[in-house]
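Listed below, chain by chain, are the residues.
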Number of protein chains: 2
Amino acid sequence: MMEYSIRELADLAGISTRTLRYYDEINLLKPARMNHSGYRVYTQREVDLLQQIMFYRELDVSLEQIKSIINDPAFDKRKALTDHYKRLLERRDHLDKLIAAVKKTIAHENGEVKMNNEEKFQAFKERLIQENDAQFRKEVREKYGDEAAELSNAKLLNLSEEQYHQMQETEKEMFAYLKQAMEIGDPASEQAQKAAAKHKEWLSYTWPQYSKEAHANLVDMYVADERFAEYYDRHGSGTAQFLRDAVHHMTKA
Amino acid sequence: MMEYSIRELADLAGISTRTLRYYDEINLLKPARMNHSGYRVYTQREVDLLQQIMFYRELDVSLEQIKSIINDPAFDKRKALTDHYKRLLERRDHLDKLIAAVKKTIAHENGEVKMNNEEKFQAFKERLIQENDAQFRKEVREKYGDEAAELSNAKLLNLSEEQYHQMQETEKEMFAYLKQAMEIGDPASEQAQKAAAKHKEWLSYTWPQYSKEAHANLVDMYVADERFAEYYDRHGSGTAQFLRDAVHHMTKA
DNA sequence: CATAAACGTTGACGCAACGTCAATGTCAAG
DNA sequence: CTTGACATTGACGTTGCGTCAACGTTTATG
C-alpha cells in the first residue's frame, strides 16, 4: 500500500504543501489519516482524487464547486473524466479563437485587414459564454437528470478532432440557414427546415440516439431559459424562438 | 474620434466597470481623460491597450507585470502581439497534453493501459515549467537585450501548426540522442554531436540566422542558470551540462 | 547516543484581483 | 421637474493561496 507524506504528494502533483493543507482545511481533500505524530498520510485514493481536483482547477472551477461535485454520492470518476475531456476540447477551441484573433490583430496593425473594436474582443467574450455554459450544464443535469448528460458525454469521448471540428462546422451552417430563414420569416420554409436538419445533425454528434420528442423538448428549453436564448440570439434577435418553431415543424411532420 | 464611457468599454471588452476602475487605480489603464462631470472617457488608444492587457491576462501574467511591460518605453505593440501568439501556441500545446492525459486516465480506469502516479500529474507539471519559462524569458530579454527575443518572435509568427509540431519533434529527438550520448559519456561522440545538431535544428525554427557563437552562448546560459538546468535535467541529471559540452565541441570544430 | 538538518504541525497575517454595496452626483427622457 | 439610468468614490469582503513564526518529530551523520 503506497502512502505519501504531504511533501511527497505535493511534489508528485507539482503543488505546495500549503495548498494541500488548505484543501484539508476546507474539506476538499482530506488525508487518509494522521499518523501518531500528527502528520498527514495520503494514499492512492487521495492521489486519484487530487488528479480530479487538478483537472477541475485547470478548467477554472471554484474549489467550493469542486467540493460539491466530488462529494456528491453520485460522483463517478469515469464520468467526471469524460466531462473533463469535453471541456478541455472546448477550451482548446477557445484558444484557437484567441490565436486567430492575435493573427488578425497583427495583420490589422500591418494594414493588411480591417478589424473593428468589437472583433478585437470577440474571442475573449466567447470564453465568458462558454464559462457560463459550464455552470448552466450543471443546472441542465439537475433539471433533466443525468441521462442526457451521460449519454452525451459517452459519445463525445469518441470524437476525433476532425469530427469535433465537423461538429462546429455543422453548427455554423445551421446558423447560416437560420439567418436566411429568418429573413423569409417562415419556420416551415426550405431554409428553416434545413436549419432544423442541421441542428439535428449537430445533435447526432453527441446524442447516442435521436428522438423527435427529445429534440422538441431541447429547443423548448432554448427558448424558456434566457441564457440559451441569449446564446442563440447573438446571431440575431429571435433566433432561439425561430429555431424552436422550425424544429417543431420538422418533428411534427 | 470614437470615445467610450466606462460602461461602453466594459461591455465592448466583456469585463466589469469595477475592473476598469481598478485598472485606473493601479495605473494599469488610465482613461484618456475625465470629463467635466468626473466621468472617465476612453479612446481608441485605450481600446488597443486593453486588448493587450487581456491577452496578457489570458496568459496568466500578473497585472503588476503587465503594467511594467506596457509602460516600458521600449514597448512595441506588434512585438507584444507576436509574443502573445507564441505563448498561446505553447498554451495550446499544454492543453493537448492535458487532453492526452485525460484520455489515458480513462483508458487506465478501464484497465486498458498502465499509468503510474507520476504520469497522472505530468501534464499539470508541464504547465508549471512553461510558466516559469515565461518569467524567465523576460529576464533573458533584460540580460541579453531585445535582439534575440525580437528575432525569435518574428520568425515564430510565420510557423504553421505543422512546423510547430516539427519543432517539438526535433526537441524530442534531441533529448533522445542526449540520453544515448550520456550513457556513452563523451560529448564528442557521434550521438552527442547528433544531439547538438538537433539542438541547432531546433533553434533554426526561431532564429533568423545562426551563429556558432550565439549557440555556444545559449548553452552556457542553460548551465549557468538553474532554471534552464532544471528543465533539461528532467531528462537526466547533468543533461544541460552535457548539451553544453556537446555544442561547444560542435561549434569549435 | 547526541546533534543538526530536514521533516511535519498550527496559527496568523498578507496579497492579488477583483465583487459587492452604500452614498451621492450627473445625465437623459418623459 | 421627476425619475431612472448613468457615473463617481470609498470601503468591506472573498478566494486561494504565499509566507513566516513557533514548535514538535523524524532522519541522517558523526
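Look above for the structure.
Presented here is a report on the structure given in the accompanying data block.

Scoring rules and cut-offs
- Residues numbered from 1 in each chain as written.
- Chains lettered and ligands numbered in written order.
- Predicted model: local features only at pLDDT ≥ 70, side-chain atom pairs only at ≥ 80, totals over all residues.
- Heavy atoms only, no water.
- Helix = DSSP H or I, 4+ residues; strand = E, 2+ residues; numbered from the N terminus.
- Buried < 20%, exposed > 50% of the residue type's maximum accessible area, 1.4 Å probe, protein only.
- Areas by Shrake-Rupley, 256 points an atom, 1.4 Å probe, with all protein chains shown as cover.
- Axes fitted to C-alpha atoms, helices over the stretch in contact; angles between N-to-C directions.
- Parallel < 35°, antiparallel > 145°, perpendicular 65-115°, else oblique.
- Contact = heavy atoms within 4.5 Å.
- Nonpolar A, V, L, I, M, F, W, Y, C, P; charged D, E, K, R; others polar.
- Near = heavy atom within 4 Å.
- Polar contact = N/O pair within 3.5 Å; in protein donor to acceptor, adjacent residues only side chain to side chain.
- Buried area = accessible area lost by both parts, 1.4 Å probe.
- Salt bridge = Lys/Arg side-chain N within 4 Å of Asp/Glu carboxyl O.
- Phe/Tyr/Trp six-rings, centres within 6.5 Å; stacked < 30°, edge-to-face > 60°.
- Core = buried A, V, L, I, M, F, W, Y, C linked by side-chain atoms within 4.5 Å.
- Least-squares fit on C-alpha atoms with pLDDT ≥ 70 in both.

### A short note on the overall build of chain A
Argument step 1. Across its full length, chain A carries twelve helices and two strands.
Argument step 2. Its helices and strands taken in sequence order, chain A reads α-α-β-β-α-α-α-α-α-α-α-α-α-α from the N to the C terminus.
Argument step 3. Taken across its 253 residues, chain A has 46% of its residues classed as buried.
Argument step 4. For chain A, the computed accessible surface area is about 12900 Å², with 49% contributed by carbon and sulfur atoms.

### Considering the packing of helix α2 (residues 17–25) of chain A against helix α3 (residues 44–58) of chain A
Residue and element names in this part refer to chain A.
Argument step 1. Following both chains from N to C, one finds α2 and α3 inclined at 100°, their axes separated by 13 Å at the closest point. Between α2 and α3, the angle is such that the two are roughly perpendicular. Between α2 and α3, the contacting residues are Thr-19, Leu-20 and Tyr-23 on the first element and Leu-50, Ile-53 and Arg-57 on the second.
Argument step 2. Here the residues of the contact of α2 with α3 are counted per class, giving four nonpolar, one polar and one charged.

### Focus: the protein's contact with DNA strand D
Argument step 1. Surrounding DNA strand D, one finds 19 residues, the nearest of these being A:Ser16, A:Tyr23, A:Ser37, A:Tyr39 and B:Arg21.
Argument step 2. Take the atoms of DNA strand D that sit within 4 Å of the protein: sugar and phosphate atoms are 68% of them.
Argument step 3. Contact between DNA strand D and A:Arg18: a base oxygen at 3.0 Å from a side-chain N or O atom of the residue.
Argument step 4. One of the side-chain N or O atoms of A:Tyr23 is found 2.7 Å from a phosphate oxygen in DNA strand D.
Argument step 5. Put simply, the parts of the chain that give the surface near DNA strand D at least two residues each are α2 of chain A together with α1 (6–13) and α2 (17–25) of chain B.
Argument step 6. At four residues, the largest contribution of residues to the surface near DNA strand D is made by α2(A).
Argument step 7. Of the residues belonging to the surface near DNA strand D, the class tally is six nonpolar, seven polar and six charged.

### With respect to the interface of chain A and chain B
Argument step 1. Taken residue by residue, the interface counts 45 residues in chain A and 46 residues in chain B.
Argument step 2. Interface of chain A and chain B: buried area, both sides summed, is about 4300 Å²; carbon and sulfur atoms make up 67% of it.
Argument step 3. Put simply, chain A and chain B have six salt bridges between them.
Argument step 4. One salt bridge connects B:Asp48 with A:Lys120, and the closest N-O pair in it is separated by 2.4 Å.
Argument step 5. Linking chain A with chain B are 18 residue pairs in polar contact (both at pLDDT 80 or more).
Argument step 6. Broken down by secondary-structure element, the contributors of at least two residues to the side of chain A that touches chain B are α1 (6–13), α3, α5 (77–109) and α6 (117–144) of chain A.
Argument step 7. Of the residues forming the side of chain A that touches chain B, the biggest block, 21 residues, is contributed by α5(A).
Argument step 8. For the side of chain A that touches chain B, the class distribution of residues is 22 nonpolar, nine polar and 14 charged.

### Topic: unusual backbone geometry
Residue and element names in this part refer to chain A.
Argument step 1. In the Ramachandran plot, Asn-27 falls in the positive-phi region, its phi being about 65° despite a non-glycine side chain.
Argument step 2. Residue Asn-27 is classed as partly exposed on the basis of its relative accessible area of 41%.
Argument step 3. The backbone phi angle of Asp-60 is positive, close to 60°, even though this residue is not glycine.
Argument step 4. Examined against the element boundaries, Asp-60 turns out to sit in the loop between α3 and α4 (63–71).

### As for the packing of aromatic side chains
Aromatic rings in a pair are described by how distant their centres are and how their planes are angled relative to each other.
Argument step 1. Using the criterion set out here, one finds six aromatic pairs over all chains in the structure.
Argument step 2. Ring geometry for A:Tyr22 versus A:Tyr23: centroids 6.4 Å apart, planes at 50°, classification tilted.
Argument step 3. Relative accessible area serves as the criterion here: at 3%, A:Tyr23 is assigned to the buried category.
Argument step 4. A centroid spacing of 4.9 Å and a plane angle of 65° characterise the contact between A:Phe124 and B:Phe55, whose relative ring orientation is edge-to-face.

### Some points on the environment of B:Pro31
Argument step 1. With respect to the secondary-structure elements, B:Pro31 resides in the loop between α2 and β1 (33–34).
Argument step 2. Taking C-alpha positions, B:Pro31 is 6.9 Å from B:Glu46, a pair spaced 15 residues apart along the chain.

### With respect to the nonpolar core
Argument step 1. Among the nonpolar cores identified, the biggest contains 77 residues, and A:Leu20, A:Leu50, B:Leu20 and B:Leu50 are the most heavily contacted of them.
Argument step 2. With sequence-adjacent residues up to four places away left out, A:Leu50 is seen in contact with A:Leu9, A:Ala13, A:Ile15, A:Leu20, A:Tyr23, A:Leu29 and B:Phe121.

### What to know about the side chain of B:Lys198
Residues and elements named next belong to chain B.
Argument step 1. For Lys-198, the location among the structural elements is in helix α9 (residues 190–204).
Argument step 2. Of note is the side chain of Lys-198, whose polar atom sits 2.7 Å from the side chain of Glu-173.
Argument step 3. What Lys-198 contacts, discounting residues up to four positions off in sequence, is Thr-170, Glu-173, Met-174 and Tyr-177.

### Some remarks on the protein's contact with DNA strand C
Argument step 1. Inspection of the region around DNA strand C gives 19 residues, with A:Arg7, A:Arg21, B:Ser16, B:Ser37 and B:Tyr39 positioned closest.
Argument step 2. One nitrogen or oxygen atom from the side chain of A:Arg40 is found 2.8 Å from a phosphate oxygen belonging to DNA strand C.
Argument step 3. Interatomic distance of 2.5 Å between a side-chain N/O atom of B:Tyr39 and a base nitrogen of DNA strand C.
Argument step 4. Counting residues per element, the ones that place at least two in the surface near DNA strand C are α1 and α2 of chain A together with α2 of chain B.
Argument step 5. By residue number, the principal contributor to the surface near DNA strand C is α2(B), which donates four residues.
Argument step 6. A class-by-class count of the residues in the surface near DNA strand C yields six nonpolar, seven polar and six charged.

### Description of the environment of A:Glu3
Residue and element names in this part refer to chain A.
Argument step 1. Position of Glu-3 among the secondary structure elements: in the segment before α1.
Argument step 2. Note on Glu-3: relative accessible area 33%, which makes it partly exposed.
Argument step 3. Non-local contacts of Glu-3, meaning those with residues more than four positions away in its chain, are made with Glu-8, Arg-33, Val-41, Tyr-42 and Thr-43.
Argument step 4. A polar atom in the side chain of Glu-3 sits 2.7 Å from the side chain of Arg-33.

### Some words on the relation of the copies chain A and chain B
Argument step 1. With an RMSD of 0.3 Å, the fit of chain A onto chain B corresponds to turning through 180° and sliding 0.1 Å along the axis. Here the two chains are linked by the operation of a two-fold rotation axis. Closest approach to the rotation axis within chain A is made by the C-alpha atom of A:Arg92, at a distance of 3.4 Å.
Argument step 2. Mapped onto chain B, 100% of the interface residues of chain A are again interface residues, and the two copies thus contact each other with one and the same surface.

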